[in-house]
Structures are given as C-alpha cells and as structure tokens.
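An overview of the molecular structure
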Amino acid sequence: MTHSQSIRNVVVTSYVGAGKTSLVEALLFSAGVTSSMGTNANGNTVADFEAEEIQHHHSMSTALLQYEYKETFLNLLDTPGSLDFFADTKNTIHVADGAVLVVGTSGIRSELDRVWEYIQTRELPCLIFINELDKERAKFDTTLAEIQEALEAKCVPIAYPVGEEASLRGVVDLVTQKAVIPVPNSHKVQEEDVPADLKEKVAELRKQLVETVAETNDDLVEKYLSEGDLTQEEVLQGLILGTKTRQFIPVLCGSALLNLGTTVLQNTIIQCLPSPEERAEVMQSAGSHPQTSEEVVRPMDAKEPLSGYVFKTTIDPFMGRLTYLKICSGVLEADSTFFNSVRNVKEKGGHLYYMQGKKSTQTQQAKAGEIVVMGKLKETQTGDTICTDKAPIVFPAVQLRRPVMSFALEPKSKGDIDKVSLGLHKLVEEDACLEFIRNDETKEMLLSGVGQTHIELTLEKLRRKYGVDVNLHTPKVAYRETIQKMAQAQGKHKKQTGGHGQYGDCWLQLDPLPRNGGFEFLNKIVGGVIPRNFIPAVEKGVVEAMHEGILAGFPVVDVQVKVYDGSHHPVDSSEMAFKVAASMGFKKAMESAQPVLLEPIMNVEVTAPDDMVGAVIGDLNSRRGRILGMDTKGHNQIVKAVVPLAEILKYAPVLTSITAGKGSYSMEFSGYEQAPREVVNKVVEEYKAEKAAASS
Ligand SMILES: Nc1nc2c(ncn2[C@@H]2O[C@H](COP(=O)(O)OP(=O)(O)OP(=O)(O)O)[C@@H](O)[C@H]2O)c(=O)[nH]1
Ligand SMILES: [Mg+2]
C-alpha cells in the first residue's frame, strides 16, 4: 500500500447545528484519540476552540483533525454550517476526497442546498449520518425520507437504530448484521445479535441493500439473480464500488452526543470513501502553466514535482500565520523554499504541522495526498498554488461570491486607526467572505461581509485578538451602475503646453451586456488611426472610468465598449493622453446610454411560529419583498422570499420585535436587479449631497 492509499481526506459538512462538531468529537473519542468527549454546551470540543465559537456555540471556521486509526491516516475537516462562513466550507469541500453529510432529526435547514450543490459540482463521494436519534420524536424513516427529497439522490441505509429516543442503545450494522453497542464508560463497542423485535425490519433493509449493491457490477447482478443473495464479502465489495462511483449514498445513523453509531461510521469512512490516489483517477489535479496558460495535469504521486493548493489561512496568536495545504503531487519538506505560481514569488516556508484542532505536532515532510499546515509564510494566501519554478502549475482557485453588505467603521479611539486597519487586514486573510477597504484620501474604512451577524462577529474577533474597538455606521449597499441602450461618443484630450503637447482622440461605442456579463472591450480600429500600441491605454482609461459611474459613483458593470475610430498626433500622442481621452469618452457616452442603478437582491428565509407568519409576510411585502413559498417545520413556518438588500439591512431587530424573539432568519446574495426610480432618485441625491459636503 502506498502512503497515499492509507489517507482519507474527509469533509464533515451540512447545515447549522446538525451535529458536525459533536460527531467529529465522537469519532476522535471512539478512535481512542481523546480520553473523554467534550460538548458544544460546555465549550470544550476539540474542533471549536476559538473564543467566539465557544461563546456562540457554533463553528465559524474549518477545523482540521488528523489522527491515525486502523493504519489509516484520517484527516477530518469539520466545517461551519453557517453561510456567513461558506467561503471556508467551500474551500474545504474543494480539497476533500470524500464527504460525510450530517443530518439531524429536527428538520433539514436550507444551508444544506449550497453545500450539496458544491459537493455535486466536485462529484464527491458521500456518506450520510442521521444524527440526534436519541432526541424526543426522532424517527429514522422520516428523516431518511426528508433527506431523499432534499438531495434527490439514491440513498441506501447500511445501519439502523437499536431502540429509539431516550432508549436508543446502539445500531445494527446491516453489512455484518450485528448490533453494535457501546461499552459503558469506554470508547469500545461490543457486538450482539440483532434484537428479536428488529429482525424483520433488518431483513427488509438488508434485502434492499443487497439489491442496490448488486446493481453496481455485472458479476454481482448475475450472482444475485442466480442465487438470490450475496455474501457479506460481496455486499461490501458492491458497497465500496457504488459509493466511490457515486451510484448511491450509504446512510448511517446514531447519536453524536452519546457516541452511538460512530464506530460503524468510522469503519465505513475507511472502507468506502476513496483515498487521494483513487480520487485523482476520477478528479485529476489539473491546472494551467502560469506563463503559457496551457493545461497541465499533475498525477497524484510523491515522485512528481511538488504542487499543492492553499485552502485556508489562520493567524494564531502564538504560532503566527498558519497555511493549510493539500499536497497534490511531490513532497513538501519543512523549512524549504517553494515557488508560489499565483504571486510569482519564491517563498521560504517554516515548520510543517499536523493539527488536531489547535493542537499541533511537527512533521518533517508531507507527501502527495496529504493535508498539512505550514508556518511562517508571508506572501502565500488562500487560493494560491505552491509548486517548483521548474515545473510550474496554477490550480484554479475556488470561485467565491463577493460580499455585498458594507459598513463604515470608525475606531472608538482616534489613535487606533492603524491598529484597526492592521487587525482587519489579518482577519480578511483568514475569512474569504470578508473585504476590507481603507480609503487613504477620505480615511474612511469599509468592511464588507455576508450580513450583519458576520460583521459583528468579525468585530468581536478584532476586539479580542487585536484589542481595538470600533463603531459601526449605517451599512452601505453595494449598488452597481449599468446602461440600457447603445451610445457613441468622442473622447478628445488635447493640450498645448510649451514643448510637447498631449493628444489623444478616440470614438467609443457602449452596448449593454446581459446581467453578469461583466465587461468586454473590443478593438475595431482600422487603418491605424489609433496606433496599436495605444489601444491598451484606451482600455485602461475605460476601466478606470468604470470604477466610478456617472449616476452615483458606483462601479459600472455589464457593458461592452468598442473603440472604432479616433486620431493621433505623431509627436504629442502618449499612453497617458489616450487614457485620459478614453476616460472622458466613456463618461460622455454613458450619459446618453440611459444609465441605471442595479441593486443587490437577497434570498431570505425567515423561520417563525405559525401564528406570527402573517405579520412576517406583511412586513416583507412592505420591504418590496417577493414571497416565493412556505414550508412547514413542526410548529414553525419557513417563509422564503427575495428582498432588496437596501430594505433588509437592519432586519434582526425588526424580526425580533415582530415575533417576540421567536423568529430567526438567514439570507444570502442572489443577484443584481434594476432598482426602481424612487430608489435611484434617493441614492443619487445622497451621492450629490455627500460630494457637495466633501468639497465645501
Ligand atoms: N441530543 C442530541 N444533541 C446533539 C447531538 N449532536 C449534536 N447535538 C447538539 O446539537 C447542538 C449543535 O451541535 P454541533 O455539533 O455544534 O453542530 P454543528 O453541526 O457543528 O453546528 P455548526 O458548527 O454551527 O454548523 C449542540 O448543542 C449539540 O450538543 C445528538 O446526537 N443528540
Ligand atoms: Mg460545528
């Protein structure tokens, strides 16, 4: 067995509160890695070690838990379920070779959709763990049906609970057909015969399992059709093949809190989820050459030149910056120098570590397929590729949505400006859902994130880690500007100042592009009326002008710009002159292209008790919201709606007052839509007033 064959890189993922962190805690305990189990309520789990995670009882960042069990190197990645931290979750799913989806028994939450979408994009083999079966009213069959409906995937149970709710005792392993019961006060389990009252159900589920796995391969189908059954060995063989090739998803079950069903899960992870090597056969490590952009495919092999992808960065108060890497080929040595092909720099690395939450153990090297953490990097950031300069490759970075909600910040104490700025720059490196901009001219500091809670949590961290406090000002909406019709204009910049003059002249045509069309630049100059070497300057001038639209100073998007005519002067023309001319031309053309404002629209889900739903819907309607539908979850209703961000910026206190604190909501960016006239008027007026105030 090669080293890579004994590795399992497994993301544990799902929606908020499904029990991921608890499950990982139980897996560590049942593998004998830890001697006791921490709980989320006590704030002593291995994975949730950051102060904010302990205080709020939620994971806010991926935790890496590396340990050895049954000669396998398990790298579990416990992800946050909250969409506020989805960038971390997405990057983690990206580097995993298999996934465990955790589903609780009190109803699936919508965050699962985003997770499932990316798992499918990555074609990641999965296991499902139905958790919380010890809870009141928990039902395996009901939850399984709910999962099947939510994922639209073929699921096959391979474990079934023994006992239910408070009397849950263990699980039946449907492959071995034994009941697996934990030994009290120990991490060990003992096997028993299937209890008499479960025999019929187990026989039915086993038949279903045998039929499902038989379909994975012709030999098994033939054997099953001729003999009507398969051996345990054959069932396992079909189960492994079917899981790895994603023909179905095995469903396990138990209780993370009580460490029930986790041993069966741990063994299934090892048996059924692929090693990095097997995974690479399906999903190759493919990238491009940094200079030629040609495709480069890198085999998952320690003998190949080094390559790796950075999926996470943290800044630890004691260990400094820690860079989390998946090694895709070759070997990374501690304290070695490598090439960062994204930033085009050589960088000297520090020590290498394996992690268990915040606890680190040093290692000398990490080989293809491994996940490892490197200390002391300065240039390398999340999303970068590390490699050698002789065999360079750039792996495509995970595409992340840009944050849409921005707050202006002001340090509580004036002398703290630099400290705030430094701290936030570090926090942004750790969290790709954040963006921080400091305008050197206006001294304004803008922090953008997924939503209000996200920003508030970031400021909590800022206070704890960097000892500075800030005031938050009215959030700003990231509007965009675009055009509605074609327009043409001339931009001419001509100056005669003694010696050399300045001369640039271009005719531009602007055309609207569809939503999310971004920006296109076309050169339609014929006969060299603008010499070829000045064309990039024309494009630069246009791009610069697009940073600030003519309506209210927001970036211009979804526009095609064509330069189709112009003139030049043999002596006075320069790049600078053409840049200025193009910028003038763009602004002029935009004026007559019917400019409009685009506003961010959010997908919002509000959960509220039955009798308060009417008030919630009424309020959403008054916020220009469109109700998309409703779901029932127990005594609660979930209202799904799309609402313009501008109307829902400060929703938390509103919902609290409508529902007497019983409602909750989540929202995420959906897209940009044209803003109605009254919104445009208001935004434009505010912009003019701000400008007037700044110049007075
Ligand atoms: N009764 C019961 N409670 C559980 C079980 N698993 C988790 N919980 C509780 O459910 C809550 C959420 O559990 P976590 O493990 O933090 O959930 P998570 O999926 O990591 O949540 P996020 O990190 O916020 O996405 C905690 O209070 C746990 O104690 C279980 O099997 N049974
Ligand atoms: Mg968690």
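The rules we used
Residues numbered from 1 in each chain as written. Chains lettered and ligands numbered in written order. Predicted model: local features only at pLDDT ≥ 70, side-chain atom pairs only at ≥ 80, totals over all residues. Heavy atoms only, no water. Helix = DSSP H or I, 4+ residues; strand = E, 2+ residues; numbered from the N terminus. Rg over C-alpha atoms; globule rule 2.2 N^0.38 Å. Buried < 20%, exposed > 50% of the residue type's maximum accessible area, 1.4 Å probe, protein only. Areas by Shrake-Rupley, 256 points an atom, 1.4 Å probe, with all protein chains shown as cover. Lys, Arg positive; Asp, Glu negative; His and termini not counted. Charge placed at Lys NZ, Arg CZ, Asp CG, Glu CD. Contact = heavy atoms within 4.5 Å. Donors = N, O, S within 2.8 Å, 3.2 Å for Na, K, Ca; no water. Near = heavy atom within 4 Å. Polar contact = N/O pair within 3.5 Å; in protein donor to acceptor, adjacent residues only side chain to side chain. Nonpolar A, V, L, I, M, F, W, Y, C, P; charged D, E, K, R; others polar. Expected span 1.5 Å × (residues − 1). Pairing = 2+ DSSP bridges. Axes fitted to C-alpha atoms, helices over the stretch in contact; angles between N-to-C directions.

Comments concerning the overall build of the chain
- When you go through the chain residue by residue, the secondary structure sums to 17 helices and 36 strands.
- Relative to the globule expectation of 26 Å for 696 residues, the C-alpha radius of gyration of the chain, 29 Å, shows essentially globular dimensions.
- Viewed in the frame of its principal axes, the chain has a C-alpha envelope of about 100 × 65 × 55 Å.
- Here the chain holds 696 residues, and 55% of them are scored as buried.
- A total of about 31000 Å² of accessible surface is found on the chain, and carbon and sulfur atoms cover 49% of it.
- Side-chain charges in the chain split into 73 positive and 93 negative, and the spacing between the mean points of these groups amounts to 6 Å.

Digging into the environment of Gly553
- By the secondary structure assignment, Gly553 is in the loop between helix H13 (535–547) and strand E32 (559–567).
- Gly553 gets classed as buried once you look at its relative accessible area, which sits at 18%.
- Linking Gly553 and Lys691, residues 138 residues apart in sequence, is a C-alpha distance of 9.9 Å.
- Those residues in contact with Gly553 that sit more than four places away from it in its chain are Glu481, His547, Glu548 and Tyr687.

Let's talk about unusual backbone geometry
- Phi is positive for Ser293, close to 65 degrees, though the residue is something other than glycine.
- On the secondary structure map, Ser293 appears in the loop between strand E12 (285–288) and strand E13 (295–298).

Here we look at the coordination of the magnesium ion (ligand 2)
- At 1.9 to 2.0 Å from the magnesium ion (ligand 2) lie its protein donor atoms, namely Thr21 (OG1) and Ser59 (OG). Residue Thr21 is located in helix H1 (residues 20–30), and its partner Ser59 is located in the loop between helix H2 (51–56) and strand E2 (63–69); the two are separated by 38 residues in the primary sequence. By the burial criterion, Thr21 is buried, and Ser59 matches it.

Digging into the site of ligand 1
- Close to ligand 1 lie 20 residues; Lys20, Ser22, Asn40, His58 and Ser59 are nearest.
- Note that an oxygen atom of ligand 1 is positioned 2.7 Å from one of the side-chain N or O atoms of Lys20.
- Side-chain polar atom of Ser255 to an oxygen atom of ligand 1: 3.1 Å apart, as the coordinates give it.
- For ligand 1, whose free accessible area comes to 650 Å², the fraction covered by protein is 86%.
- Split into classes, the residues belonging to the shell around ligand 1 amount to six nonpolar, 10 polar and four charged.

Quick look at helix H8 (residues 232–244)
- For H8, which comprises 13 residues, the first-to-last C-alpha distance of 18 Å matches the rise-based estimate of 18 Å (1.5 Å per residue) to within 8%.
- When H8 is considered as a whole, its buried residues turn out to be Glu234, Val235, Leu236, Gly238, Leu239, Gly242 and Thr243.
- On its buried face, H8 is in contact with strand E5 (126–130), helix H6 (199–214), helix H7 (218–227), strand E11 (249–253) and helix H9 (262–272).
- One or two positions beyond H8, positive phi appears at Arg246, with a value near 60 degrees.

Digging into the sheet that holds strand E10 (residues 189–192)
- Ordered in space as E7-E8-E9-E10, the four strands form an open sheet in which the pairing is antiparallel. The strands lining the two open edges of the sheet, one partner per strand, are strand E7 (159–162) and E10. Across this sheet, the average inter-strand angle for adjacent strands is 30 degrees, counted without regard to direction.
- As paired strands, strand E9 (residues 178–182) and E10 are joined by four bridges and run antiparallel to one another.

Some words on the sheet that holds strand E29 (residues 487–495)
- Strand order across the open sheet formed by four strands is E29-E30-E32-E31, with mixed pairing between neighbours. The open sheet has two edge strands, E29 and strand E31 (519–523), and neither has a second partner. For this sheet the average axis-to-axis angle between neighbouring strands, irrespective of direction, equals 25 degrees.
- Looking at chain direction, strand E30 (residues 502–512) and E32 are connected through eight bridges and run antiparallel. Directly across from Leu508, in E32, lies its bridge partner Val563.
- On the sheet, H13 packs against E30, E31 and E32 and is oriented at approximately 155 degrees with respect to E31.

Take it as geometry only, folks, not as evidence of what the structure does.
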